[in-house]
Amino acid sequence: KAMTGTVRAVHKRREGAEALARWNNPEKGIVLPMHFIPIFEENGFITKLDDYMISQVSKLLAEWKLQGKKLIPISVNLSSALLAIPNLAEHICKLVDEYGTNHQYIELEITENAFFGDKKSLRQTVHELKMYGFPISMDDFGSGYSSLNSLKDLPIDVLKLDMEFFREDTMEKRSEIVIKEIIQLAKNLNMKVVAEGIEREEQVDFLSEQGCDLIQGFYFAKPMKIGAFEKVVESSIE
(Lines give C-alpha, C1' and ligand atoms only; values in the text may rest on other atoms or scores of the structure.)
Protein backbone atom coordinates (compact mmCIF):
# COMPACT_ATOMS: atom_id res chain seq x y z
CA LYS A 1 0.00 0.00 0.00
CA ALA A 2 1.18 3.51 -0.69
CA MET A 3 -0.36 6.95 -0.52
CA THR A 4 0.59 9.71 -2.89
CA GLY A 5 -0.49 13.30 -3.23
CA THR A 6 -1.00 15.87 -5.93
CA VAL A 7 -0.32 19.48 -5.12
CA ARG A 8 -2.91 22.22 -5.34
CA ALA A 9 -1.52 25.70 -5.66
CA VAL A 10 -2.20 29.33 -6.43
CA HIS A 11 0.68 31.08 -8.16
CA LYS A 12 2.91 28.16 -7.05
CA ARG A 13 1.98 28.60 -3.37
CA ARG A 14 1.01 25.18 -2.00
CA GLU A 15 -2.47 25.35 -0.52
CA GLY A 16 -3.64 21.75 -0.40
CA ALA A 17 -3.34 18.25 -1.79
CA GLU A 18 -5.33 15.21 -2.79
CA ALA A 19 -4.61 11.81 -1.25
CA LEU A 20 -4.35 9.07 -3.86
CA ALA A 21 -4.05 5.30 -3.51
CA ARG A 22 -1.39 3.25 -5.28
CA TRP A 23 -1.02 -0.51 -4.85
CA ASN A 24 2.63 -1.51 -4.56
CA ASN A 25 2.46 -5.15 -5.67
CA PRO A 26 5.62 -7.19 -4.87
CA GLU A 27 5.47 -8.90 -8.27
CA LYS A 28 3.94 -6.27 -10.59
CA GLY A 29 5.23 -3.10 -8.97
CA ILE A 30 2.97 -0.03 -8.81
CA VAL A 31 -0.60 -0.83 -9.87
CA LEU A 32 -2.71 2.18 -10.89
CA PRO A 33 -6.23 2.71 -9.50
CA MET A 34 -7.89 2.08 -12.88
CA HIS A 35 -6.79 -1.54 -12.58
CA PHE A 36 -7.84 -2.30 -9.00
CA ILE A 37 -10.58 0.17 -8.02
CA PRO A 38 -13.25 -1.46 -10.27
CA ILE A 39 -12.43 -4.83 -8.68
CA PHE A 40 -12.70 -3.34 -5.17
CA GLU A 41 -16.04 -1.77 -6.10
CA GLU A 42 -17.33 -5.12 -7.31
CA ASN A 43 -16.20 -7.21 -4.33
CA GLY A 44 -17.04 -4.59 -1.68
CA PHE A 45 -13.47 -4.01 -0.55
CA ILE A 46 -13.71 -0.38 -1.65
CA THR A 47 -15.16 0.74 1.70
CA LYS A 48 -12.13 -0.72 3.50
CA LEU A 49 -9.89 1.30 1.19
CA ASP A 50 -11.97 4.42 1.95
CA ASP A 51 -11.50 3.86 5.68
CA TYR A 52 -7.78 3.25 5.23
CA MET A 53 -7.27 6.47 3.28
CA ILE A 54 -9.25 8.59 5.75
CA SER A 55 -7.32 7.10 8.68
CA GLN A 56 -3.93 7.53 7.02
CA VAL A 57 -4.58 11.18 6.14
CA SER A 58 -5.81 11.85 9.69
CA LYS A 59 -2.72 10.19 11.12
CA LEU A 60 -0.42 12.15 8.82
CA LEU A 61 -1.97 15.50 9.75
CA ALA A 62 -1.74 14.62 13.44
CA GLU A 63 1.96 13.83 13.01
CA TRP A 64 2.53 17.13 11.20
CA LYS A 65 0.86 19.00 14.05
CA LEU A 66 3.05 17.30 16.68
CA GLN A 67 6.14 18.13 14.61
CA GLY A 68 5.10 21.76 14.29
CA LYS A 69 4.76 21.52 10.52
CA LYS A 70 2.42 23.57 8.38
CA LEU A 71 -1.03 22.01 8.11
CA ILE A 72 -2.79 22.14 4.75
CA PRO A 73 -6.14 20.64 3.71
CA ILE A 74 -5.94 17.19 2.15
CA SER A 75 -8.85 15.83 0.14
CA VAL A 76 -9.96 12.20 0.27
CA ASN A 77 -12.32 10.49 -2.16
CA LEU A 78 -15.46 8.80 -0.82
CA SER A 79 -16.82 5.91 -2.84
CA SER A 80 -20.51 5.56 -3.62
CA ALA A 81 -20.54 2.39 -1.52
CA LEU A 82 -19.24 4.23 1.55
CA LEU A 83 -21.80 6.99 1.09
CA ALA A 84 -24.53 4.37 1.28
CA ILE A 85 -23.66 3.11 4.77
CA PRO A 86 -25.87 4.21 7.70
CA ASN A 87 -24.58 6.94 10.03
CA LEU A 88 -21.65 7.75 7.74
CA ALA A 89 -20.86 11.08 9.40
CA GLU A 90 -20.39 9.41 12.80
CA HIS A 91 -18.32 6.67 11.17
CA ILE A 92 -15.92 9.17 9.58
CA CYS A 93 -15.73 11.20 12.79
CA LYS A 94 -14.63 8.08 14.65
CA LEU A 95 -11.84 7.43 12.14
CA VAL A 96 -10.58 11.02 12.24
CA ASP A 97 -11.02 11.64 15.97
CA GLU A 98 -8.86 8.63 16.80
CA TYR A 99 -5.91 10.87 15.89
CA GLY A 100 -7.39 14.13 17.18
CA THR A 101 -7.20 15.72 13.73
CA ASN A 102 -9.14 18.93 13.10
CA HIS A 103 -12.01 18.13 10.73
CA GLN A 104 -11.45 21.27 8.68
CA TYR A 105 -8.27 19.77 7.19
CA ILE A 106 -10.04 16.67 5.84
CA GLU A 107 -11.85 17.58 2.62
CA LEU A 108 -14.26 14.84 1.55
CA GLU A 109 -14.73 14.38 -2.20
CA ILE A 110 -17.96 13.10 -3.70
CA THR A 111 -18.06 12.09 -7.35
CA GLU A 112 -21.00 12.67 -9.65
CA ASN A 113 -21.80 8.94 -9.60
CA ALA A 114 -23.05 9.37 -6.05
CA PHE A 115 -25.93 11.52 -7.27
CA PHE A 116 -27.55 8.65 -9.15
CA GLY A 117 -28.50 6.94 -5.89
CA ASP A 118 -30.75 8.01 -3.04
CA LYS A 119 -30.57 11.80 -3.33
CA LYS A 120 -32.50 12.44 -0.11
CA SER A 121 -30.14 10.24 1.88
CA LEU A 122 -27.11 11.83 0.23
CA ARG A 123 -28.32 15.34 1.10
CA GLN A 124 -28.77 14.30 4.71
CA THR A 125 -25.29 12.76 4.82
CA VAL A 126 -23.67 15.86 3.32
CA HIS A 127 -25.47 18.14 5.79
CA GLU A 128 -24.30 15.97 8.70
CA LEU A 129 -20.69 15.91 7.49
CA LYS A 130 -20.72 19.69 7.17
CA MET A 131 -22.24 19.97 10.64
CA TYR A 132 -19.17 18.11 11.93
CA GLY A 133 -16.90 20.59 10.16
CA PHE A 134 -15.75 18.59 7.13
CA PRO A 135 -15.44 20.57 3.86
CA ILE A 136 -17.24 18.82 0.99
CA SER A 137 -16.15 18.91 -2.63
CA MET A 138 -17.73 17.68 -5.84
CA ASP A 139 -15.14 15.84 -7.89
CA ASP A 140 -15.03 15.64 -11.71
CA PHE A 141 -17.63 18.37 -12.20
CA GLY A 142 -18.78 18.40 -15.81
CA SER A 143 -18.11 14.73 -16.52
CA GLY A 144 -21.73 13.59 -16.09
CA TYR A 145 -25.32 14.72 -16.44
CA SER A 146 -26.29 15.40 -12.84
CA SER A 147 -23.92 18.31 -12.19
CA LEU A 148 -26.29 21.28 -12.15
CA ASN A 149 -29.02 19.49 -10.19
CA SER A 150 -26.50 18.45 -7.57
CA LEU A 151 -25.25 22.03 -7.21
CA LYS A 152 -28.84 23.11 -6.62
CA ASP A 153 -29.52 20.45 -4.03
CA LEU A 154 -26.27 20.05 -2.09
CA PRO A 155 -24.29 22.53 0.07
CA ILE A 156 -20.95 21.90 -1.64
CA ASP A 157 -17.89 23.88 -0.50
CA VAL A 158 -15.51 23.10 -3.35
CA LEU A 159 -16.14 22.46 -7.05
CA LYS A 160 -13.45 20.48 -8.87
CA LEU A 161 -13.48 21.01 -12.63
CA ASP A 162 -13.04 17.75 -14.52
CA MET A 163 -9.68 17.45 -16.28
CA GLU A 164 -11.45 16.74 -19.59
CA PHE A 165 -12.05 20.48 -19.84
CA PHE A 166 -8.31 20.89 -20.30
CA ARG A 167 -7.37 17.92 -22.48
CA GLU A 168 -6.96 19.88 -25.72
CA ASP A 169 -3.52 21.11 -26.73
CA THR A 170 -4.93 24.63 -27.04
CA MET A 171 -7.83 26.26 -25.25
CA GLU A 172 -10.65 26.93 -27.72
CA LYS A 173 -12.90 29.96 -27.32
CA ARG A 174 -15.99 27.85 -26.61
CA SER A 175 -14.14 25.94 -23.89
CA GLU A 176 -12.95 29.18 -22.34
CA ILE A 177 -16.51 30.52 -22.23
CA VAL A 178 -17.84 27.38 -20.53
CA ILE A 179 -15.05 27.33 -17.94
CA LYS A 180 -15.41 31.05 -17.25
CA GLU A 181 -19.17 30.71 -16.66
CA ILE A 182 -18.75 27.67 -14.39
CA ILE A 183 -16.22 29.55 -12.25
CA GLN A 184 -18.60 32.50 -11.98
CA LEU A 185 -21.51 30.20 -11.11
CA ALA A 186 -19.49 28.56 -8.35
CA LYS A 187 -18.51 31.91 -6.90
CA ASN A 188 -22.14 33.03 -6.92
CA LEU A 189 -22.89 29.91 -4.87
CA ASN A 190 -20.00 30.69 -2.46
CA MET A 191 -17.94 27.72 -3.61
CA LYS A 192 -14.22 27.52 -4.16
CA VAL A 193 -13.08 26.21 -7.55
CA VAL A 194 -10.27 23.73 -8.20
CA ALA A 195 -9.13 23.06 -11.77
CA GLU A 196 -7.74 19.53 -12.21
CA GLY A 197 -5.34 18.16 -14.80
CA ILE A 198 -3.50 21.41 -15.50
CA GLU A 199 -0.23 20.90 -17.36
CA ARG A 200 0.58 24.12 -19.21
CA GLU A 201 1.42 27.68 -18.24
CA GLU A 202 -1.19 29.21 -20.54
CA GLN A 203 -3.87 27.22 -18.72
CA VAL A 204 -2.60 28.55 -15.37
CA ASP A 205 -2.63 32.11 -16.71
CA PHE A 206 -6.19 31.77 -18.06
CA LEU A 207 -7.53 30.25 -14.84
CA SER A 208 -5.81 32.88 -12.72
CA GLU A 209 -7.41 35.61 -14.84
CA GLN A 210 -10.83 34.03 -14.28
CA GLY A 211 -10.36 33.94 -10.51
CA CYS A 212 -10.00 30.15 -10.15
CA ASP A 213 -9.14 29.57 -6.49
CA LEU A 214 -6.86 26.54 -6.76
CA ILE A 215 -5.04 24.78 -9.59
CA GLN A 216 -4.00 21.13 -9.49
CA GLY A 217 -1.99 19.13 -11.97
CA PHE A 218 1.35 18.17 -13.47
CA TYR A 219 2.24 21.84 -14.03
CA PHE A 220 2.94 22.03 -10.30
CA ALA A 221 3.69 18.42 -9.43
CA LYS A 222 3.08 14.81 -10.39
CA PRO A 223 1.76 12.34 -7.78
CA MET A 224 4.46 11.76 -5.19
CA LYS A 225 5.11 9.83 -2.00
CA ILE A 226 4.50 11.48 1.35
CA GLY A 227 8.17 12.19 2.10
CA ALA A 228 8.63 14.05 -1.18
CA PHE A 229 5.39 15.95 -0.65
CA GLU A 230 6.49 17.10 2.80
CA LYS A 231 9.64 18.57 1.26
CA VAL A 232 7.55 20.40 -1.35
CA VAL A 233 5.34 21.91 1.34
CA GLU A 234 8.29 22.91 3.52
CA SER A 235 10.03 24.59 0.58
CA SER A 236 6.91 26.66 -0.16
CA ILE A 237 6.64 28.16 3.35
CA GLU A 238 7.47 31.82 3.12
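These numbers were taken from a predicted model, which means no experiment stands behind them.

1. Examining the packing of helix α2 (residues 46-66) against helix α4 (residues 88-97)
Link 1 in the chain: Between α2 and α4, the least distance of the axes is 8 Å, while the angle of their chain directions is 40°. When the axes of α2 and α4 are compared, the pair comes out oblique. Crossing angle aside, the handedness with which α2 passes α4 is right-handed. Residue-level contacts link D51, I54, S55 and S58 of α2 to H91, I92, L95 and V96 of α4.
Link 2 in the chain: Of the residues belonging to the contact of α2 with α4, the class tally is four nonpolar, three polar and one charged.

2. Points about the packing of aromatic side chains
Link 1 in the chain: This structure, assessed with the given rule, holds seven aromatic pairs.
Link 2 in the chain: Measuring from ring centre to ring centre gives 5.3 Å for F36 and F40, while their planes differ by 55°; the resulting arrangement is tilted. Here F40 and F36 lie together in helix α1 (residues 33-43), a separation of four residues that amounts to about one turn.
Link 3 in the chain: The buried category is assigned to F36, whose relative accessible area is 3%.
Link 4 in the chain: Relative to F166, the ring of F165 has its centre 6.4 Å away and its plane inclined at 65°; by these criteria the two rings are edge-to-face.
Link 5 in the chain: Overall, F166 belongs to the buried group, its relative accessible area being 3%.

3. A few points about helix α5 (residues 119-131)
Link 1 in the chain: Taking 1.5 Å of rise per residue, 13 residues should cover 18 Å, and α5 covers 18 Å from first to last C-alpha, within 8% of that figure.
Link 2 in the chain: Among the residues of α5, those classed as buried are L122, T125, V126 and L129. Seen along its axis, α5 keeps its buried residues to an arc of 100°; they face one direction. Exposed side of α5, more than 90 degrees from the buried face: K120 and M131 are the residues found there.

4. A look at the pattern of salt bridges
Link 1 in the chain: In the structure shown here, the tally under the stated rule is eight salt bridges.
Link 2 in the chain: For K160, the salt bridge identified is with E18, shortest N-O distance 3.1 Å. One end of the pair, K160, is in strand β7 (residues 158-161); the other, E18, is in strand β2 (residues 13-25), with 142 residues separating them in the sequence. For the pair K160 and E18, one class covers both residues: buried.
Link 3 in the chain: Residue K130 pairs with D157 through a salt bridge whose shortest N-O separation is 2.7 Å.

5. Structural notes on the confidence of the model for the protein
Link 1 in the chain: In the predicted model, the protein carries a mean pLDDT of 86, and 89% of its residues have values of at least 70.
Link 2 in the chain: Predicted confidence in the protein is weakest over strand β1 (residues 2-10), with a mean pLDDT of 47, and strongest over α4, with 97.
Link 3 in the chain: Confidence drops under pLDDT 50 across residues 1-5; counting only partners more than four residues distant or on other chains, this segment forms 26 contacts.

6. Quick look at the side chain of D162
Link 1 in the chain: Position of D162 among the secondary structure elements: in the loop between β7 and α7 (173-188).
Link 2 in the chain: The buried category is assigned to D162, whose relative accessible area is 8%.
Link 3 in the chain: At a separation of 3.1 Å, a polar atom in the side chain of D162 contacts the main-chain amide nitrogen of E164.

7. Examining the nonpolar core
Link 1 in the chain: Counting 64 residues, the largest nonpolar core has I92, L161 and L207 as the members making the most contacts within it.
Link 2 in the chain: Once you skip the residues sitting within four places of it in the chain, I92 turns out to touch I54, L78, L108, L129 and F134.

8. A closer look at the environment of K225
Link 1 in the chain: Within the secondary structure, K225 is located in strand β10 (residues 224-225).
Link 2 in the chain: Along the chain, K225 and R22 lie 203 residues apart, while their C-alpha atoms are 9.8 Å from each other.

9. Some details on the pairing of strand β4 (residues 74-78)
Link 1 in the chain: Along β4, four of the five residues are buried, which leaves the element largely enclosed by surrounding structure.
Link 2 in the chain: Pairing analysis gives five bridges linking β4 to strand β5 (residues 106-111), with the strands arranged parallel. Paired with S75 across the bridge in β5 is E107.

10. Points about the packing of α4 against α5
Packed helices, taken two at a time, are described by their axes: the angle between them and the distance between them.
Link 1 in the chain: Two elements in contact, α4 and α5, have axes separated by 8 Å at closest approach and are oriented at 35°. Considering only the axes of α4 and α5, their crossing is right-handed. Taking contact as the criterion, the partners of L88, A89, E90 and I92 in α4 are, on α5, T125, E128 and L129.
Link 2 in the chain: Across the contact of α4 with α5, the residue classes tally to four nonpolar, one polar and two charged.

Parameters and conventions
Residues numbered from 1 in each chain as written. Predicted model: local features only at pLDDT ≥ 70, side-chain atom pairs only at ≥ 80, totals over all residues. Heavy atoms only, no water. Axes fitted to C-alpha atoms, helices over the stretch in contact; angles between N-to-C directions. Helix = DSSP H or I, 4+ residues; strand = E, 2+ residues; numbered from the N terminus. Parallel < 35°, antiparallel > 145°, perpendicular 65-115°, else oblique. Left-handed = near helix turned anticlockwise from the far one by under 90°. Contact = heavy atoms within 4.5 Å. Nonpolar A, V, L, I, M, F, W, Y, C, P; charged D, E, K, R; others polar. Phe/Tyr/Trp six-rings, centres within 6.5 Å; stacked < 30°, edge-to-face > 60°. Buried < 20%, exposed > 50% of the residue type's maximum accessible area, 1.4 Å probe, protein only. Expected span 1.5 Å × (residues − 1). Arc of directions from axis to C-beta. Salt bridge = Lys/Arg side-chain N within 4 Å of Asp/Glu carboxyl O. pLDDT = per-residue confidence, 0-100. Polar contact = N/O pair within 3.5 Å; in protein donor to acceptor, adjacent residues only side chain to side chain. Core = buried A, V, L, I, M, F, W, Y, C linked by side-chain atoms within 4.5 Å. Pairing = 2+ DSSP bridges.

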